[in-house]
Amino acid sequence: MIEFAQVTASYDDDLAVLHDVSFTINDGDFVAFVGTNGAGKSTTMRLINGLLKPSAGEVLIDKMPTTQLKTSELARKMGFLFQNPDRQICCNTVREELLFGFSVQGEVGQAELDRVDALIEQFGFNPDDEPYLLNRGTRQLLALASIIVMEPPVVILDEPTTGLDYRECEKVMGIVRQLNEGGTTVVMVCHDMEVVGDFAQRVIAMTAGQVVADGPTFEVLRNSEVLKAAHILPPQITEISLALNQNCAQLPLPIAQANTVDEMVCALVDVEKGGF
Ligand SMILES: Nc1ncnc2c1ncn2[C@@H]1O[C@H](COP(=O)(O)OP(=O)(O)OP(=O)(O)O)[C@@H](O)[C@H]1O
Ligand SMILES: [Mg+2]
């Protein structure tokens, strides 16, 4: 469990970039942080993984303040995917890269080798490939694989889909969804509201270092006040149903409330069949 209790944080002593931020993320949640550039999302991620400590308030991981936890203890609990995968790739081959976390901990036994082989198979990697020669999407997948091979209970993903094409994005997010379905807590920063709408169960919207909304994904993404405050556009399908809602007084409820293309199509088919 990750708890922020009235957290204020700054990079230098004068200027706070996070003000009085409070929220709780429970084990198994899939939460997306959204908001404009400079809102404080990456700073929040750095506070979660202990790279930054609060100047006031507390960040608690499983009830322990990060100020009392060692970096190595936090690293075992959290896998952190940087926005730029190249920042966490450092080995000469894919296999070495996937073994790197275990090597650092001095734990390369048969179980670890088997786990690496299973991931190589699952991701379709060539173990002898040189990481820096892979394309951007595959490097992102490798960075993700090098985190999940350690089986951390929490993964933190700072803009995991930036720079990926649609297919790469679906592949990365499909793996993230599988992880979450297996019980891993997922905390993600994401600018792409289509991805947020498709994958996250809960959205925390930030602006100017503060939380302006926290709730189930489509409750937040349908709230025009929040969208305006956080300068975000909802997923296109939500935008269409919000626009229809504004323009048609008697819109059947399932159309007005559709949050996905599937829901919208089903609602339209029902209307066509005379269901409303
Ligand atoms: N290393 C740093 N040193 C000083 N100030 C920083 C540092 N990193 C971020 N900031 C400042 O902290 C504030 C919040 O930045 P942060 O990176 O958390 O925003 P963000 O929501 O992740 O933005 P983006 O969407 O652009 O990634 C900004 O005003 C930023 O300039
Ligand atoms: Mg950021």
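Residues numbered from 1 in each chain as written. Chains lettered and ligands numbered in written order. Predicted model: local features only at pLDDT ≥ 70, side-chain atom pairs only at ≥ 80, totals over all residues. Heavy atoms only, no water.

**Points about a nonpolar patch on the surface**
Together, Val261, Val265 and Val269 give the surface a local cluster of nonpolar side chains, amounting to about 230 Å² of exposed area. For Val261, the position within the fold is in helix α12 (residues 261-272). (Patch = residues over 30% accessible without salt bridge, like charges linked within 9 Å, V, L, I, M, F, W, Y side chains within 5 Å. Areas by Shrake-Rupley, 256 points an atom, 1.4 Å probe, with all protein chains shown as cover. Salt bridge = Lys/Arg side-chain N within 4 Å of Asp/Glu carboxyl O. Helix = DSSP H or I, 4+ residues; strand = E, 2+ residues; numbered from the N terminus.)

**Digging into the packing of aromatic side chains**
Applying the stated rule across the entire model yields four aromatic pairs. Look at Phe80 and Phe82: their rings are 5.0 Å apart centre to centre, the planes differ by 70 degrees, and that puts the pair in the edge-to-face class. With centroids separated by 5.2 Å and ring planes inclined at 15 degrees, the aromatic side chains of Phe123 and Phe125 adopt a geometry described as stacked. The exposure class of Phe125 is buried, given its relative accessible area of 10%. (Phe/Tyr/Trp six-rings, centres within 6.5 Å; stacked < 30°, edge-to-face > 60°. Buried < 20%, exposed > 50% of the residue type's maximum accessible area, 1.4 Å probe, protein only.)

**Overview of the site of ligand 1**
In the vicinity of ligand 1 there are 13 residues, among which Asn37, Gly38, Lys41, Ser42 and Thr43 approach most closely. A distance of 3.1 Å separates an oxygen atom of ligand 1 from a polar backbone atom of Ala39. In this structure, His191 approaches ligand 1 through a side-chain N or O atom, which is 3.0 Å from an oxygen atom. Coverage of ligand 1 by the protein amounts to 60% of the 640 Å² it exposes when considered alone. Take the shell around ligand 1: its biggest share by element is four residues, from helix α1 (residues 41-48). (Near = heavy atom within 4 Å. Polar contact = N/O pair within 3.5 Å; in protein donor to acceptor, adjacent residues only side chain to side chain.)

**A look at the domain arrangement of the protein chain**
Domain annotation for the protein chain reports domain 1 (2-234) and domain 2 (235-276). Listed as interface residues are nine residues of domain 1 and, on the opposing side, eleven residues of domain 2. Across the domain 1 to domain 2 interface the summed buried area is about 800 Å²; carbon plus sulfur atoms make up 57%. It is Phe218, Arg222 and Pro234 that lose the most area in domain 1 upon contact with domain 2, and together they represent 73% of the buried surface on that side. Our enumeration of links across domain 1 and domain 2 arrives at zero salt bridges. Joining domain 1 to domain 2, the criterion identifies one residue pair in polar contact (both at pLDDT 80 or more). If you list the elements that add at least two residues to the side of domain 1 that touches domain 2, you get α7 (193-199) and α8 (217-221). In terms of residue count, the dominant contributor to the side of domain 1 that touches domain 2 is α7 (three residues). The class makeup of the residues in the side of domain 1 that touches domain 2 is six nonpolar, one polar and two charged. (Domains from an automatic or database assignment. Contact = heavy atoms within 4.5 Å. Buried area = accessible area lost by both parts, 1.4 Å probe. Nonpolar A, V, L, I, M, F, W, Y, C, P; charged D, E, K, R; others polar.)

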